[in-house]
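Each chain, written out:
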Amino acid sequence: MEDHNSDYGTDGGSNEDRQNVASLSRRTALSLFGVGGLGLATGTAGANSGHSGDQGNQPFYDWREDVDAHGHAIEDLGSLSTSDNPTAIRDFAGENLAVDDGVLNAEVPDATDSREELDVVHVDEYGAEGDGETDDTEAIQAAVDDLADNDKTGILTFTAGNHYSVTDTITVDVRYVRGIEGNNARVFTSADVVVFRIKGSHTGTANPTGTTDETQVHEMHPFIENIRISSEMTEATELVGTGIEVEGTFGLRVNQCQLLNLRNGLVFTGNNRNPIVSENNIWHCLDYGVWFDGGDIHQTNMNNNHISYCRIAIYMPDPSIHDLQLVGNDIESSSTPPTVDYIIHAEGSGHLEGLQLVGNTIEDHRDLEQGGNITLDGSEMTLKQVHIIGNELGNAALGDIELHGTDDVVIANNTFDDSAADSWAVIIGERNDALSIVGNTVKSGGNFIHVDGGDNFIGRFQIANNSFGDSAGGKILIENVRIFDCQIVNNNIRDESGDGWAVDISNDIGYLRNFQFTGNNLRVDGGDSGARISADEETLLILKNNTARGVSGTDFDFPDHEDGNVIVRDNISN
């Protein structure tokens, strides 16, 4: 090994010299000496000053590089020992360390050995051209397989600015490939295949007692970042391929990727736990932006993503999903692809519990053909504990939020704006229980709430403290349902449609039990009537302290007062 003492003693050495010497940080020095803050038993590190030969002492904990400390050459290291290890450093310096003439040196392996030592696998080293023309499938798979074949772990990397063509699936085992670093390279396909299939072996829960040592030690926390994946096509009807498919992982991170011009962007299948999907751009997918394809997935965080121009941005058929957080995303649909069904859709059999939609922008641009922008259909599944809070919603063709068969749902502090005149901010179908619609603002466009229970029931239902802007339709229509334990209180309801009732709860209402309509302000500009409420059976009703303004027809059409059962009083209009 070359003695760098004289080279660096006065001027710090050349750049070329420095590239062959690894820096020794304070933490590295501490671990080398086998101490964590313990003092040296013998010796000090003498340092020759780079300034006019001044002498001084340089303690090891101020070292910044192995042979250079701010221009000082470090000497006499060979005799140093520590209080808990009397052996001189020259006798236990590591494989790549040596002491020459009292100077500790650490050599970096040369470039031909760097991949093996650092376990960084670059696809170009296995023959990938990245020229946009050569089929690089076999070369990329060879780079992946080299780690597994040699029982090594590492990071798969690509060259920035290159375009890698693939025609078949690259299968990645997270036991060996701990991460994919794309460096913003592009991987594209002309075939309708999965581009990257990320596979682990995890089949259990997230409970530490049920997580194997294989998963905990070798497979947790893999990542995919900074890679662009697309099909070769750009026409919406011709888009093919799935960008990333994930199965059997624990703690996977998908960060800062762009998945575009594909059939599907990101697909979760099988068993997965604790994935984090953040800061990605998923754009223009013929079918699904993010597809939870059955399987069993828990504790998923999706934040700060842009997902748009997909038939369905986030699709959850036949789910087994627990605790899915969608926070701070921009999720939109528009005029392409040719068919746009929903923005967020859950359906089928299964279990969806703990869905949080918080602080997102969710807009349709009036192109949906099937239902509400957010449609959660629990008719044949368990669908509960849903929070839709603080989102900006709007531009809906049919509706913003549509619910069927749900339990424990909170829709709060959202804004709704600029939807079609005959659309509804909230559509509620059959069998919904424990539902709170609180503190929302409808600025303009369509109506507010439509409940059609399909001759079923809705219970423990609260509509409170909602407001309407200058040009909102603002209607509340509840029909074909049995209602119990319901409160509609303290809302500012504004209906400018000029047609019918601002609030109508009278059509095929099987019963009203324990029902309150109190403290609401109705403004019916150019409209017809205020509020109408009646049912086949009316038990424990309170209808009081409401106001109606601008009514040209009937202000309030309520049941007659009945002591001890129906209270009707102090409702006024002008």
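Structure report, in brief. Throughout, a residue's number is its position along its own chain's written sequence, starting from 1. Residues qualify for local features only when their pLDDT is at least 70, as the model is predicted, and side-chain atom pairs are given and counted only at 80 or more; totals for whole chains, interfaces and linings, by contrast, use all residues. Based on all heavy atoms of the structure, the side-chain values leave hydrogens and waters out of the count.

Focus: the pattern of salt bridges
The cut-off we apply is this: We count a salt bridge whenever a side-chain nitrogen from Lys or Arg sits within 4 Å of a carboxyl oxygen from Asp or Glu. Secondary structure elements follow DSSP: runs of H or I of four or more residues count as helices, runs of E of two or more count as strands, with numbering from the N terminus.
One pass over the full model with this rule turns up 13 salt bridges. With a closest N to O distance of 3.0 Å, Glu 214 and Arg 175 form a salt bridge. On the criterion of sequence distance, the pair formed by Glu 214 in helix 6 (residues 213-219) and Arg 175 in the loop between strand 13 (170-173) and strand 14 (177-189) is long-range, its members being 39 residues apart. The partner of Asp 433 in a salt bridge is Arg 460, with the nearest N and O atoms 2.5 Å apart.

Overview of the environment of Val 172
In plain terms, the rule: Burial classes: relative accessible area under 20% of the type maximum marks a residue as buried, over 50% as exposed, and values in between as partly exposed (1.4 Å probe, protein chains only). Only heavy atoms matter for contacts: two residues are in contact if any of them lie within 4.5 Å across the pair.
With respect to the element layout, Val 172 can be found in strand 13. Under the relative-accessibility criterion, Val 172 is labelled buried at 2%. Residues Val 172 and Arg 197, 25 residues apart in the sequence, show an inter-C-alpha distance of 6.0 Å. Setting aside anything within four residues of it in sequence, one finds Val 172 in contact with Val 144, Val 177, Ile 180, Phe 196, Arg 197, Ile 198 and Lys 199.

Concerning the sheet that holds strand 48 (residues 572-573)
Rule in force here: We call two strands paired when DSSP finds no fewer than two bridges between them.
Sheet architecture is open: 4 strands sit in the order 40-42-45-48, paired in parallel fashion. In this open sheet, the two edge strands, each paired with only one partner strand, are strand 40 (492-494) and strand 48. Of the pairings in the sheet, the one linking strand 42 (residues 521-523) to strand 45 (residues 547-549) comprises 3 bridges and is parallel in character. Across the sheet, the residue bridging to Asn 521 is Thr 547, located in strand 45.

Let's talk about the packing of aromatic side chains
Geometrically, a pair of aromatic rings is defined through the distance of the ring centres and the angle of the planes. Stated formally: Paired rings are identified among Phe, Tyr and Trp, the last through its six-membered ring, by centres lying within 6.5 Å, and are further divided according to the angle between planes into stacked (under 30 degrees), edge-to-face (over 60) and tilted (the rest).
Under the counting rule described, the total for this entry stands at 10 aromatic pairs. Measuring from ring centre to ring centre gives 5.0 Å for Phe 448 and Phe 468, while their planes differ by 80°; the resulting arrangement is edge-to-face. Of the two residues, Phe 448 is situated in strand 37 (residues 447-464) and Phe 468 in strand 38 (residues 467-471); the sequence distance between them amounts to 20 residues. The pair Phe 448 / Phe 468 is uniform in exposure class, with both members buried. Each ring, one from Phe 457 and one from Phe 484, has its centre 6.0 Å from the other, and the planes form 35°; the classification is tilted. Placement of the pair is Phe 457 in strand 37 and Phe 484 in strand 39 (residues 476-489), with a sequence separation of 27 residues. On the basis of relative accessibility, which here comes to 17%, the residue Phe 484 falls in the buried class.

Comments concerning the environment of Asp 287
Positionally, Asp 287 belongs in strand 21 (residues 281-303). The spatial distance from the C-alpha of Asp 287 to the C-alpha of Tyr 309 is 9.6 Å, given a sequence separation of 22 residues.

What about the side chain of Asn 305?
To keep things clear, this is the line we draw: N or O atoms closer than or at 3.5 Å make up a polar contact, with two conditions inside protein: a donor-capable atom paired with an acceptor-capable one, and, for residues adjacent in sequence, both atoms drawn from side chains.
With respect to the secondary-structure elements, Asn 305 resides in the loop between strand 21 and strand 22 (306-317). Of the residues examined, Asn 305 reaches a relative accessible area of 2% and is grouped as buried. At a separation of 3.2 Å, a polar atom in the side chain of Asn 305 contacts the main-chain amide nitrogen of Glu 279.

With respect to the pairing of strand 23 (residues 320-327)
Taken together, the 6 bridges between strand 21 and strand 23 define a ladder with parallel strand orientation. Note that in strand 23 the partner of His 298 across the bridge is His 322. Across 7 bridges, the pairing between strand 23 and strand 26 (residues 350-358) is parallel. Bridged to Val 327 within strand 26 is Val 358.

Focus: unusual backbone geometry
Positive phi values are uncommon outside glycine, yet Glu 279 reaches one of about 60°. Within the secondary structure, Glu 279 is located in the loop between strand 20 (276-278) and strand 21. Backbone geometry at Asp 318 places phi at a positive 45°, although glycine is not the residue there. The residue Asp 318 is located in the loop between strand 22 and strand 23 in this model.

Overview of empty space enclosed by the protein
Cut-off, in case you're wondering: Every definition here rests on a 1 Å grid over the protein atoms only: cavities are sets of points where a 1.4 Å probe fits but cannot get out, pockets are open sets enclosed by protein on both sides within 12 Å along at least five of seven lines, and lining residues have some atom within 4 Å of a point. Grid points are joined across faces, edges and corners, and a volume is the space filled by probe spheres set on the points. Residue polarity follows a fixed list, in which Ala, Val, Leu, Ile, Met, Phe, Trp, Tyr, Cys and Pro are nonpolar, Asp, Glu, Lys and Arg are charged, and the others, Gly among them, are polar.
Applying the stated rule across the entire model yields 2 cavities of 30 Å³ or more. Space inside the largest cavity adds up to approximately 50 Å³. Counting only elements with at least two residues in the lining of the largest cavity, the list comes to strand 33 (415-417), strand 34 (424-428) and strand 36 (441-444). Volume-wise, the second largest cavity comes out at about 40 Å³. As for the second largest cavity, its lining consists of Val 172, Val 174, Val 177, Arg 178, Gly 179, Ile 180, Ile 198, Pro 222, Phe 223, Ile 224 and Leu 252. Looking at the lining of the second largest cavity, the elements that each hand over two or more residues are strand 14 and strand 16 (223-231). Residues that form the lining of the second largest cavity fall into these classes: 9 nonpolar, 1 polar and 1 charged.

Read these as spatial facts, not as claims about activity.
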